[in-house]
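Notes for the structure review
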Amino acid sequence: MKKAVITIFLACICSGLLSFRLHAQAGYMPSPENLQAREDFQNRRFGMFIHWGIYSILGDGEWVMHNEHISYRDYSRLASLFYPYAFDAKQWVALAKAAGMKYITITSRHHDGFSMFATKASPYNIVDATPWHHDPMKDLAEECRKQGLKLFFYYSLLDWGRPDYGFGQPIVDGKPLDADWDHYIQFMKTQLTELLTQYGPIGGIWFDGEWERPNANWHLDEIYALIHRLQPQALIVNNHHHDPEPGQDFQEFEKDLPGGNSHGWNTGGVSKTLPLESCETMNNSWGFTLADHHFKSVKQIIHLLVNDAGRNANLLLNVGPMPDGRIQQEFVDTLLAVGKWMQTYGSTIYNTRAGIIPPQPWGVSTQANGIQYLHILQMPENGVLFIPDISQRLLSAEDFDHHQPVRFKQQAEGIFIYLDPTKANPIDQIVELKFASAGNRSFRNPIMSKP
């Protein structure tokens, strides 16, 4: 993941090099298995992102090699120091499950080029280059199957160290100068084939790094076709920050809600046809960072989850395990508290879609099984909630926590809901709304609920 907008990326935009587009899977038609997987993905709504690699040893994030200008030769020596004796896949998956998460996405290979899985494509991997000689992806795949979670593999297109990638080289006719681009493309195909054949059925592949050289010919049409051929149900996402392209099965928003662009990265629109996902961190870091104590509160994380669901998106929430293989206690405590909230309120998040009421200053709505759930994240001071532009007849409003009727008034300009701020849930006040059938939309006189 990125920490800042990359200078190279901005330069490419300014020089108009974004026109090189040879990476759509031409004529892509998702298979029935793929369409079913998309639906299942949306229903899961909450996932765990895991950034873990040899960079964890330095405790300064996953970009430490680049940011501290560490040479590839010096950085690669970290592999001989990596021995995560406390790693326990069962505990990781159980924590995700206890947090209410339904899938895991883990870095199989990040921008530093170190492979966190058994691969024959390069000796620079966790089995061959570390004293641990173990493949954690195999353990995670087995545990996810046992505990009912889907497993996705993050895979970096960008590589800071391999000569055939030619990091920093200018791109001419879709290829970096003084590098063996075709060899690099074949290397990625070999590794992706391994990821799709060594670990059983997976949820999909989560790509990152295309933004480093948007004018290159990444051969993504061939790469996407390979993935969909090997595992038709596997979903593909590319964290490139522009509009989705053929062959991609859901759209990603990095550290933003769908449509947001607070960092200047997300330059595209919001797909109306594909599933959506936002990825966020529990502090300010993706990889383990020793000095980052900017931990988000339980309330902040729940609000992220609710705001995503109200925009028809999943939340992929990141943890950066320590080099010994443990997930730091601050993350564990917060995730368990979020999971406790989900045990009570998960029915308003899982298997839902965005409600008929678009996001408002006070919160969002979700819907499932004919019920609209108002998630009131900021209670109006006077307790009067106004929902504009709703002509469908409201039949009832009920407080989710106490199953008590909530008073409302409906008239031409919208619906007024009368709440008691002194009794509001401090995290998320949820109100269930039931409307008449879609065909019954007109009324003349105000509709008042019983007091």
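Keep in mind it's a predicted model, so treat the numbers as computed, not measured. (Residues numbered from 1 in each chain as written. Predicted model: local features only at pLDDT ≥ 70, side-chain atom pairs only at ≥ 80, totals over all residues. Heavy atoms only, no water.)

Glancing now at the domain arrangement of the protein. Segmenting the protein into domains produces domain 1 (33-352) and domain 2 (355-435). The straight-line distance from the C-alpha centre of domain 1 to that of domain 2 is 36 Å. Counting residues at the interface gives 16 residues for domain 1 and 16 residues for domain 2. Buried surface at the junction of domain 1 and domain 2, both sides included, amounts to about 1300 Å², of which 66% is carbon and sulfur. Joining domain 1 to domain 2, the criterion identifies zero salt bridges. Where domain 1 meets domain 2, there are six residue pairs in polar contact (both at pLDDT 80 or more). In terms of residues, the side of domain 1 that touches domain 2 owes the most to one element, helix H9 (residues 298-309), which gives six residues. Tallied by class, residues from the side of domain 1 that touches domain 2 come to six nonpolar, eight polar and two charged. (Domains from an automatic or database assignment. Contact = heavy atoms within 4.5 Å. Buried area = accessible area lost by both parts, 1.4 Å probe. Salt bridge = Lys/Arg side-chain N within 4 Å of Asp/Glu carboxyl O. Polar contact = N/O pair within 3.5 Å; in protein donor to acceptor, adjacent residues only side chain to side chain. Helix = DSSP H or I, 4+ residues; strand = E, 2+ residues; numbered from the N terminus. Nonpolar A, V, L, I, M, F, W, Y, C, P; charged D, E, K, R; others polar.)

Here the focus is helix H10 (residues 329-345). With 17 residues, H10 should reach 24 Å at 1.5 Å per residue; the first-to-last C-alpha distance of 24 Å fits that figure. Residues Phe 331, Val 332, Thr 334, Leu 335, Val 338, Gly 339, Trp 341, Met 342 and Tyr 345 constitute the buried set of H10. Each element contacted by the buried residues of H10 is listed here: strand S1 (46-50), helix H5 (89-98), H9, strand S10 (313-319) and strand S18 (429-435). (Expected span 1.5 Å × (residues − 1). Buried < 20%, exposed > 50% of the residue type's maximum accessible area, 1.4 Å probe, protein only.)

Right, let's get into the sheet that holds strand S13 (residues 371-376). Strand order in the open sheet made by the five strands is S11-S12-S13-S18-S15, with antiparallel pairing throughout. Two strands close off the open sheet at either side, each with one partner strand: strand S11 (353-354) and strand S15 (394-399). Here strand S12 (residues 363-368) runs beside S13; their pairing, made up of six bridges, is antiparallel. Bridging across to S13, Gly 363 finds its partner in Ile 376. (Pairing = 2+ DSSP bridges.)

With that settled, the discussion passes to the nonpolar core. Among the nonpolar cores identified, the biggest contains 90 residues, and Met 48, Ile 104, Phe 153, Met 188, Phe 207, Trp 218 and Leu 335 are the most heavily contacted of them. Element by element, the count of residues in this core is highest for helix H7 (residues 181-197), at eight residues. When residues of this core are sorted by domain, at least three fall in each of domain 1 (33-352) and domain 2 (355-435). Ignoring sequence-local partners within four residues, the contact set of Met 188 consists of Tyr 155, Ser 156, Leu 157, Trp 218 and Ile 223. Leu 374, Ile 376, Leu 385 and Ile 387 belong to the second-largest nonpolar core, a separate cluster that totals 17 residues. (Core = buried A, V, L, I, M, F, W, Y, C linked by side-chain atoms within 4.5 Å.)

Scanning all chains against the criterion turns up 33 aromatic pairs. Seen from their ring centres, Tyr 345 and Phe 400 are 5.6 Å apart, and the 40 degrees between their planes marks the pair as tilted. With Tyr 345 in helix H10 and Phe 400 in the loop between S15 and strand S16 (407-411), this pair connects stretches of sequence that are 55 residues apart. Given the relative accessible area of 9%, Tyr 345 is considered buried. Taken together, the ring pairs in this structure connect Trp 52, Phe 82, Phe 87, Trp 92 and Trp 132 into an aromatic cluster. Over the ring of Phe 187 we find Arg 162; its NZ or CZ atom is 3.7 Å from the centre of that ring. A cation over an aromatic ring shows up here: Arg 213 above the ring of Tyr 165, its NZ or CZ 3.8 Å from the ring centre. (Phe/Tyr/Trp six-rings, centres within 6.5 Å; stacked < 30°, edge-to-face > 60°. Lys NZ or Arg CZ within 6 Å of the ring centre and 35° of its normal.)

Two numbers describe how H7 lies on helix H8 (residues 220-230): the axes approach to 10 Å, and their chain directions differ by 20 degrees. It follows that H7 is roughly parallel to H8 by the angle criterion. The chirality of how H7 crosses H8 is right-handed. Mapping the contact onto sequence places Met 188, Lys 189, Leu 192, Thr 193, Leu 196 and Thr 197 in H7 and Glu 222, Ile 223, Leu 226, Ile 227 and Leu 230 in H8. Within the contact of H7 with H8, the residues separate by chemical class into seven nonpolar, two polar and two charged. (Axes fitted to C-alpha atoms, helices over the stretch in contact; angles between N-to-C directions. Parallel < 35°, antiparallel > 145°, perpendicular 65-115°, else oblique. Left-handed = near helix turned anticlockwise from the far one by under 90°.)

Let us now look at unusual backbone geometry. In terms of backbone geometry, most residues other than glycine have negative phi values and most peptide bonds are trans. Phi angles above zero are rare outside glycine, and Asp 173 is one such case at about 55 degrees. In this structure, Asp 173 sits in the loop between strand S4 (171-172) and strand S5 (175-176). The class for Asp 173 is exposed, based on a relative accessible area of 72%.

A full pass over the atoms with the stated rule returns 13 salt bridges. For Lys 150, the salt bridge is made with Asp 40, and the minimal N-O distance between the two is 3.2 Å. Note that Lys 150 is positioned in strand S3 (residues 150-156) and Asp 40 in helix H2 (residues 32-44), a separation of 110 residues in sequence. Across the pair Lys 189 and Glu 222 runs a salt bridge, and its minimum N-O distance is 2.4 Å. One end of the pair, Lys 189, is in helix H7; the other, Glu 222, is in helix H8, and 33 residues separate them in sequence. Residue Glu 222 is classed as partly exposed on the basis of its relative accessible area, which comes to 34%. Overlapping salt bridges bring together Asp 40, Arg 44 and Lys 150 as one network.

A few words on the pairing of S13. Among the six residues of S13, six are classified as buried, and the element is accordingly described as predominantly covered. Judged by which residues are buried, S13 turns out to be covered on both faces: Ile 371, Tyr 373 and His 375 on one side and Gln 372, Leu 374 and Ile 376 on the other are all buried. Once S12 ends, the chain turns through two residues before running back antiparallel as S13, passing Asn 369 with a positive phi of about 55 degrees.

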